[in-house]
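Architecture and fold: a report
Chain residues, written in single-letter form:
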Amino acid sequence: MAAPGSAAHPSRGPVRHSLTRHLLLWSLGALVLVWCSFVFVGYRAGVNEADELTDGHLASVVALLINLRAFEAVDQAVTTQRPAMPWLKAHDYQQSISVVQWNAAGHVLAHSGSAPLPAFNEAEGFADLSLGPQAVAWRSFSHWDVSRTRKVMVLLELRERDELAQDIADQMVEPGLWLLPVVALALGLALHRGLRPLYALSADVAALDPAIAQRLASRHAWSEFESVVASINTLLERQQAALVRERRLANEVAHELRTPLSSIALQASALGGGLDPNAQAQALARIQQDALRAGHVLNQLLALARASRAELHEATAPVDLAATARAVCVDYAQAAWQRGGEIAVVAPEALPMAGHGVLLDLAVRNLVENALRHTPHGTRISVQIGQSDTGAVWLQVCDDGGRVQAAAGNASMARPADSLQLGHEIVLRVAQMHNGTFGVAAAPAPFTTCYRLDFPPPSAVAAG
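What you see is a predicted model; the values in this text were computed from it and never measured. (Residues numbered from 1 in each chain as written. Predicted model: local features only at pLDDT ≥ 70, side-chain atom pairs only at ≥ 80, totals over all residues. Heavy atoms only, no water.)

Here we look at the overall build of the protein
The helix and strand tally for the protein stands at 10 helices and 12 strands. The buried share among the 464 residues of the protein stands at 33%. Summarising the internal contacts of the protein: among those between residues at least 6 apart in sequence, 66% fall at separations of at least 24. Working note: accessible area of the protein is about 28100 Å², and carbon and sulfur atoms make up 60% of it. (Helix = DSSP H or I, 4+ residues; strand = E, 2+ residues; numbered from the N terminus. Buried < 20%, exposed > 50% of the residue type's maximum accessible area, 1.4 Å probe, protein only. Contact = heavy atoms within 4.5 Å. Areas by Shrake-Rupley, 256 points an atom, 1.4 Å probe, with all protein chains shown as cover.)

Structural data, given as structure tokens:
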């Protein structure tokens, strides 16, 4: 039982991420990055334009006043106030513009505005001044007339200029703030709509049943999906072919095992019925023969299963194919001698290749054992190994069983114990695991039957 306060959760599989969300996040990330870059550039441009605007304003006022003969300033107490304009913000209509006029001797001719009186000796042009007890920052522009008898300076408080720049930048950024969510929503809808073919393909793949002969429909007519659909259909065809082979093999195995097992049951029943010694000996011999036959079929099935999964558990390593063939022939030499035949190896002293040693030994043993089981007594068997100029290795097992049978007058042979050709199926799978081929080859004289394994050169395997 779970401890109090704890909850038992079922095992969960790996988290599956959404491709739509992945694309949307990357698209929005790129959009936000570009948007922020443009906003930053626009903000800097707005600040710069505001600075140039106010500087141009100051220069324009100076150019206007320098050509007017206005030397008297109205007293501060009777200054006419600007009319109220509530639709304008404070920085839209500059209130802090101040004007100072001096003569050539530095005496103040006129002073209007809220700016403290600046020093007369300031240089011409633009300047940033700190005036008054609080050292308020002001932006100024001063200029002499042509006769250098009068100097005019116009001042503007920097705070208001900065507020103007901030307002311009905000006005440029604000539409983007509203635009970004709208673009994100539109982009999400567009991605979802654009990925509908992928959703349809995914649904069709999920609905496929490997047990039924199916193919992906051709309605996925998108060039990006052509290779995917073709690959899936190829895999389905191979899967169906494999299922057909496995079903056929299962039916044949069931039939092949049913016959000896039924025979064993019948002979065992007959033994319990009081047979004479001669019939009893024949029944026992038949039981032994059928038991060996059933055992051989089971051994071949186990070898086939081992060959199917050995590639997953055994790493490729250097193997001396010639030494493997000699070891197998030594093991079967006694069986060949008892049948009145012989077994020989024609191979170089050593022939290394990269492969699975256990599987190659299994393949050679099956070929030699098939040659012993399916040929008449007195058959000569030859295991031949060689290597081509390109580095390809080949192995073939040949016998002259046809010649021996013909010499014996086509005498009837006992039914082969491996009528399912399971041995050849094992050899074929071993060849496929080594990127090789297996089949019947032209038998060199004086042999009549030959089965050959061909392995590609190491360069071809690496390229593949």
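Picking up where we left off.
Let's talk about the state of the cysteines
The final tally for this structure, using the stated rule, is 1 disulfide. Between the sulfur atoms of C398 and its disulfide partner C450 the distance amounts to 2.3 Å. With C398 in strand β10 (residues 393–399) and C450 in strand β12 (residues 449–455), this residue pair connects regions lying 52 residues apart in the sequence. Of the two residues, C398 and C450, both sit in the buried class. (Disulfide = S-S within 2.5 Å.)

Remarks on unusual backbone geometry
Look at the link from A445 to P446: it is a cis peptide, with omega at 10°. Mapped onto the secondary structure, P446 falls in the loop between β11 (437–440) and β12.

What about the sheet that holds β12?
For sheets, the rule is that strands pair by backbone hydrogen bonds, running either parallel or antiparallel. Spatially, the 5 strands line up as an open sheet ordered β7-β9-β10-β12-β11, and their pairing is mixed. On the outer flanks of this sheet lie β7 (342–346) and β11, each paired with one strand and no other. In this sheet, neighbouring strand axes are inclined to one another by 10° on average, regardless of whether the strands run parallel or antiparallel. Bridge analysis of β10 against β12 gives 7 bridges, and the strand direction is antiparallel. Its bridge partner being in β12, C398 is matched across the sheet by C450. With respect to the sheet, helix α6 (residues 321–338) is in contact with β7, β9 (380–387), β10 and β12, its orientation differing from that of β7 by roughly 170°. Against the sheet, helix α7 (residues 357–373) makes contact with β7, β9, β10, β11 and β12, and its axis sits at roughly 20° relative to β10, the strand it touches most. (Pairing = 2+ DSSP bridges. Axes fitted to C-alpha atoms, helices over the stretch in contact; angles between N-to-C directions.)

Here's the deal with the UniProt feature "transmembrane region" (unreviewed entry) in the protein
Here the UniProt-annotated "transmembrane region" (unreviewed entry) positions come out as residues 23–43. Structurally, residues 23–43 is divided into 100% helix and 0% strand, and its ends, taken at the C-alpha atoms, are 30 Å apart. (UniProt positions renumbered as here; feature names shortened; annotations may be inferred.)

Remarks on the pattern of salt bridges
The final tally for this structure, using the stated rule, is 9 salt bridges. In this structure, the salt-bridge partner of R365 is D331, at a minimum N-O distance of 2.4 Å. Here R365 is found in helix α7, whereas its partner D331 is found in helix α6, with 34 residues between them in sequence. Relative accessible area serves as the criterion here: at 47%, D331 is assigned to the partly exposed category. For D400, the salt bridge is made with R380, and the minimal N-O distance between the two is 3.3 Å. Here D400, found in the loop between β10 and α8 (401–407), pairs with R380, found in strand β9; they are 20 residues apart in sequence, far enough to count as distant. (Salt bridge = Lys/Arg side-chain N within 4 Å of Asp/Glu carboxyl O.)

Digging into the packing of aromatic side chains
Following the criterion strictly, the structure yields 4 aromatic pairs and no others. Aromatic side chains W102 and F120 sit 5.7 Å apart centroid to centroid with 65° between the ring planes, which places their arrangement in the edge-to-face category. A residue pair is termed long-range when its members are at least 10 positions apart, and W102 in strand β1 (residues 98–103) and F120 in the loop between β2 (108–112) and β3 (125–131) qualify at 18 residues. F120 gets classed as partly exposed once you look at its relative accessible area, which sits at 25%. Put simply, the rings of W102, F120 and W144 pair up and form one aromatic cluster. (Phe/Tyr/Trp six-rings, centres within 6.5 Å; stacked < 30°, edge-to-face > 60°.)

Focus: the sheet that holds β2
Spatially, β2-β1-β5-β4-β3 is the arrangement adopted by the 5 strands of the open sheet, whose pairing is antiparallel. Each edge of the open sheet is held by one strand with a lone partner, namely β2 and β3. When strand polarity is set aside, the average angle formed by the axes of neighbouring strands in this sheet is 20°. Inspection of the sheet shows β3 paired to strand β4 (residues 136–144) by 7 bridges, in the antiparallel sense. Residue pairing in the sheet places S130 in a bridge with A137 of β4. Each of β3, β4 and β5 (150–157) is contacted by helix α2 (residues 158–194), which is oriented at about 55° to β5, the strand it contacts most.

Observations concerning the nonpolar core
With 34 residues, the main nonpolar core has L321, V368, L395 and L453 as its most contacted residues. Elements that contribute at least two residues to this core include exactly α6, α7, β9, β10, α9 (422–433) and β12. Top contributing element to this core by residue count: α7, with 9 residues. Excluding residues within four positions of it along the chain, L453 makes contact with A363, L367, V393, W394, L395, V427, A431, T437 and F438. Counting residues in hydrophobic clusters, the runner-up holds 10 residues, among them L58, I66, V99 and F141. (Core = buried A, V, L, I, M, F, W, Y, C linked by side-chain atoms within 4.5 Å.)

Quick look at the pairing of β4
Following β3, the chain reverses through 4 residues before pairing antiparallel with β4; G132 in that reversal takes a positive phi of roughly 85°. Where β4 meets β5, 7 bridges bridge the pair, whose relative direction is antiparallel. Within β5, the residue paired with S142 across the bridge is M153. What sits between the antiparallel neighbours β4 and β5 is a turn of 5 residues, in which R148 has the positive phi angle 55°.

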